[in-house]
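Observations on chain architecture
Spelled out, the chains give:
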Amino acid sequence: MIALAAAALVASSTAAATADTTATCADAAYAYAGVRSSVRTHGIRTVLTPLVEPTVASGHVAAWIGVGGRDAGPNGEPEWIQVGVNAVPGRGLRLYYEWMRPGEPRAYGELGEALPGTSYVLAVVETARDTWQVRVGGRAVLPPVQLPGSSRAWHPIATAEARNDGAADCNSFA
């Protein structure tokens, strides 16, 4: 397994103050920053520390690690597994997991509240051929997930993202 550490700040940029009061933070509906390993591997692990409570007016913000992607599955279908922290409007910061298998709806679940200033040891590991597990603090937090054709096929990713769903809103996350 490759240990990959990434620090990323994703914040929609605030437009400079001008006489034009219509300036907003909605230059892009989606922003992200992160790293992708050049090596295919059996997993990824990191220590993730949210620095402050995010500000989310619309959409979501998240920081996560995982493997797979929108076209990583058989026949270029979406297939992935990830774990991280996220926030949506009206809710605090949450630990979450997500996976996608070809021909199935996306699976998403929350693992509890995440606290700013608290470090979380997160991992996505292949435990058997095409079988993956999400771990928090070294502990499996859900049953193994079967992802066809994934064994040592994917590059691990660590990223942070902000999506405002096209609204003229500023989301921030550190």
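The following paragraphs examine the structure supplied in this document. (Residues numbered from 1 in each chain as written. Predicted model: local features only at pLDDT ≥ 70, side-chain atom pairs only at ≥ 80, totals over all residues. Heavy atoms only, no water.)

Remarks on the pattern of salt bridges
Overall, the coordinates contain four salt bridges when judged by the stated rule. Linking Glu-98 and Arg-106 is a salt bridge whose minimum nitrogen-to-oxygen distance equals 2.8 Å. Of the residues examined, Glu-98 reaches a relative accessible area of 11% and is grouped as buried. Between Arg-101 and Glu-104 there is a salt bridge; the shortest N-O distance is 3.0 Å. Glu-104 gets classed as partly exposed once you look at its relative accessible area, which sits at 36%. Salt bridges linked by common partners bring Arg-91, Arg-94 and Glu-110 together as one network. (Salt bridge = Lys/Arg side-chain N within 4 Å of Asp/Glu carboxyl O. Buried < 20%, exposed > 50% of the residue type's maximum accessible area, 1.4 Å probe, protein only.)

With respect to the sheet that holds strand S6 (residues 79-87)
Strand order in the open sheet formed by six strands is S3-S13-S5-S6-S7-S8, and the pairing between neighbours is antiparallel. The open sheet has two edge strands with one neighbour each: strand S3 (30-36) and strand S8 (107-113). When strand polarity is set aside, the average angle formed by the axes of neighbouring strands in this sheet is 20°. In this sheet, strand S13 (residues 157-163) lies alongside strand S5 (residues 60-69) in antiparallel orientation, the contact comprising seven bridges. Pairing of Trp-64 across the sheet is with Thr-159, part of S13. (Pairing = 2+ DSSP bridges. Helix = DSSP H or I, 4+ residues; strand = E, 2+ residues; numbered from the N terminus. Axes fitted to C-alpha atoms, helices over the stretch in contact; angles between N-to-C directions.)

Some points on the nonpolar core
Within the largest apolar cluster, 31 residues are counted, with the highest numbers of intra-cluster contacts made by Ile-81, Val-85 and Leu-122. Residue assignment for this core shows that the elements contributing at least two residues are strand S4 (43-48), S5, S6, strand S7 (94-100), strand S9 (120-128), strand S10 (131-136) and S13. In this structure, Val-85 is in contact with Leu-48, Pro-50, Val-61, Ala-62, Ala-63, Leu-93, Arg-94, Leu-95, Tyr-96, Ala-114 and Phe-173, ignoring residues within four places of it in sequence. (Core = buried A, V, L, I, M, F, W, Y, C linked by side-chain atoms within 4.5 Å. Contact = heavy atoms within 4.5 Å.)

Some points on the side chain of Ser-37
Inspection of the secondary structure puts Ser-37 in the loop between S3 and S4. In terms of polar contacts, Ser-37 uses its side chain to reach the backbone amide nitrogen of Val-39, at 3.0 Å. (Polar contact = N/O pair within 3.5 Å; in protein donor to acceptor, adjacent residues only side chain to side chain.)

A few points about the pairing of S7
Counting buried positions along S7 yields six of seven residues, so the element is predominantly enclosed. Linking S6 to S7, which pair antiparallel, is a turn of six residues; within it Gly-90 sits at a positive phi near 80°. Connecting the antiparallel pair S7 and S8 is a turn made up of six residues, with Gly-103 showing a positive phi of about 75°.

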